[in-house]
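Summary of structural features
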Amino acid sequence: MSDMPPLELSVVVPCYNEEQVIDQLHKVLTTELEALTDAFEVLLVDDGSSDSTVERMRAIHEADPRFRYFALSRNFGKESAMLAGLSQAQGSAIAILDADLQHPPALLAKMLPMLEEGYDQVVARRTRKGDRPVRSTVSRLYYRFFNRLVDVDLEDGVGDFRILSRRAVRSLLSLGEYNRFSKGLFAWIGFSTAVVDYDNVERGAGESKWRFGDLVNYGIDGIVSFNARPLRMAIHLGTAVTVLAFTYAAWVIVTYLVNGNPVAGYPTLIVAILGFGGVQLIILGVIGEYLGRIYYETKRRPHFLLKESSNPGEIPVTVALGPEHDEFAQAEPRPPGRRS
Ligand code: UDP
Ligand code: MG
């Protein structure tokens, strides 16, 4: 071990049913990384693929042990796959990129030197060139809305494609939450961040796993994982509706006193019932969303399980996250009986 040069760069690649593109990825990454450094590793994380992705990873590892692989026991989602890779990466700089070559590995040559200049995160920002206008407008509006609502700042076009310093990764691993909205977590940990622009690239092969509904849910996730402001909005909405109802009641009483009692107002009644019913359901939904999150967090389940890896010897089945990853916190033992 001691005669090995220290690893300069680890590249984490989450892969879900990427059999069509993974060999190409191997080729491109090898070329780009060899030009960049002679001490690199690539961590291919199979997110429970149902095709031959793992078999191919195994073959790639046999041919080139700088490519390590980890197979999760089922499809846990991209967030968990990235996390698995981050927890195993050993380099002093750690890059994350998609398997489908939509994150051009050539950009790493531009990003790594910036990290070495002293930034803790160098993120790649996708320009919206070539996007369908509807999609880019919707996403621009979403980010404007999001940043007004949430305390961390997100940038349009910035995704998971980035290089992190060791201490940034350590910070990410010290966040033990189960619901991981990584875009928000990257922003939440802070540190100095540099941005590099790149043009949108079409997928190498295969197809995207995102449907429109997924995007909507992802959007909701982002908002509720980062604060409780929607609950506050529910209070405001409820108050506004109550005030309206009282005003209307006052108006009904006044017209009764002035005009006698004309039996009317059937449409008003229906509108009021449906309207208030809708408002109540929305608010219940918001509360339920937070309750559900608490439910998942309290189970304290691992974020992923491993079923196979290229690690020699014993395979770790699960990797715990949380403060134990924070070496600063560990350095000073806490007084007994006190938890923070
Ligand atoms: N991915 C994953 N688990 C999943 C879905 C996707 O690891 O459940 C990986 C996928 O293999 C790819 C990356 O996440 O490397 C991005 O996925 P995709 O290309 O489908 O998303 P898009 O680029 O359309 O946002
Ligand atoms: Mg993609």
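Residues numbered from 1 in each chain as written. Chains lettered and ligands numbered in written order. Predicted model: local features only at pLDDT ≥ 70, side-chain atom pairs only at ≥ 80, totals over all residues. Heavy atoms only, no water.

1. Describing the pattern of salt bridges
Tallying each qualifying case throughout the model produces 11 salt bridges. With a closest N to O distance of 2.8 Å, Asp120 and Arg167 form a salt bridge. Of this pair, Asp120 sits in the loop between helix H4 (108-116) and strand S5 (121-126) while Arg167 sits in helix H6 (residues 166-173), and the two are 47 residues apart along the sequence. (Salt bridge = Lys/Arg side-chain N within 4 Å of Asp/Glu carboxyl O. Helix = DSSP H or I, 4+ residues; strand = E, 2+ residues; numbered from the N terminus.)

2. Brief notes about the site of ligand 1
Near ligand 1, the surroundings consist of 16 residues, among which Glu18, Asp47, Asp100, Gln102 and Ser208 are the closest. The side chain of Asp47 places a nitrogen or oxygen atom 2.5 Å from a nitrogen atom of ligand 1. At a separation of 3.1 Å, an oxygen atom of ligand 1 approaches a polar side-chain atom of Asn75. Compared with its free state, where it exposes 530 Å², ligand 1 has 85% of that area covered by protein. Split into classes, the residues belonging to the shell around ligand 1 amount to five nonpolar, four polar and seven charged. (Near = heavy atom within 4 Å. Polar contact = N/O pair within 3.5 Å; in protein donor to acceptor, adjacent residues only side chain to side chain. Areas by Shrake-Rupley, 256 points an atom, 1.4 Å probe, with all protein chains shown as cover. Nonpolar A, V, L, I, M, F, W, Y, C, P; charged D, E, K, R; others polar.)

3. Description of the packing of helix H8 (residues 212-226) against helix H10 (residues 266-299)
Interhelical geometry of H8 versus H10 gives an angle of 75 degrees and a closest axis separation of 11 Å. Taken as axis vectors, H8 and H10 run roughly perpendicular relative to one another. Residues Asp221, Val224 and Ser225 of H8 pack against Glu289, Tyr290 and Arg293 of H10. The residue inventory of the contact of H8 with H10, partitioned by class, reads two nonpolar, one polar and three charged. (Axes fitted to C-alpha atoms, helices over the stretch in contact; angles between N-to-C directions. Parallel < 35°, antiparallel > 145°, perpendicular 65-115°, else oblique. Contact = heavy atoms within 4.5 Å.)

4. Some details on the coordination of the magnesium ion (ligand 2)
Within the protein, Asp100 (OD) and Gln102 (OE1) serve as the donor atoms for the magnesium ion (ligand 2), at 1.9 Å. For Asp100, a relative accessible area of 4% puts it in the buried group. Since its relative accessible area comes to 26%, Gln102 is described here as partly exposed. (Donors = N, O, S within 2.8 Å, 3.2 Å for Na, K, Ca; no water. Buried < 20%, exposed > 50% of the residue type's maximum accessible area, 1.4 Å probe, protein only.)

5. Thoughts on the packing of aromatic side chains
In the structure shown here, the tally under the stated rule is four aromatic pairs. Each ring, one from Tyr178 and one from Tyr296, has its centre 6.5 Å from the other, and the planes form 15 degrees; the classification is stacked. Here Tyr178 is found in the loop between H6 and helix H7 (182-189), whereas its partner Tyr296 is found in helix H10, with 118 residues between them in sequence. A residue is classified by how much of its surface remains accessible, and Tyr296, at 43% relative accessible area, is partly exposed. (Phe/Tyr/Trp six-rings, centres within 6.5 Å; stacked < 30°, edge-to-face > 60°.)

Purely spatial values, then, with no claim about function.
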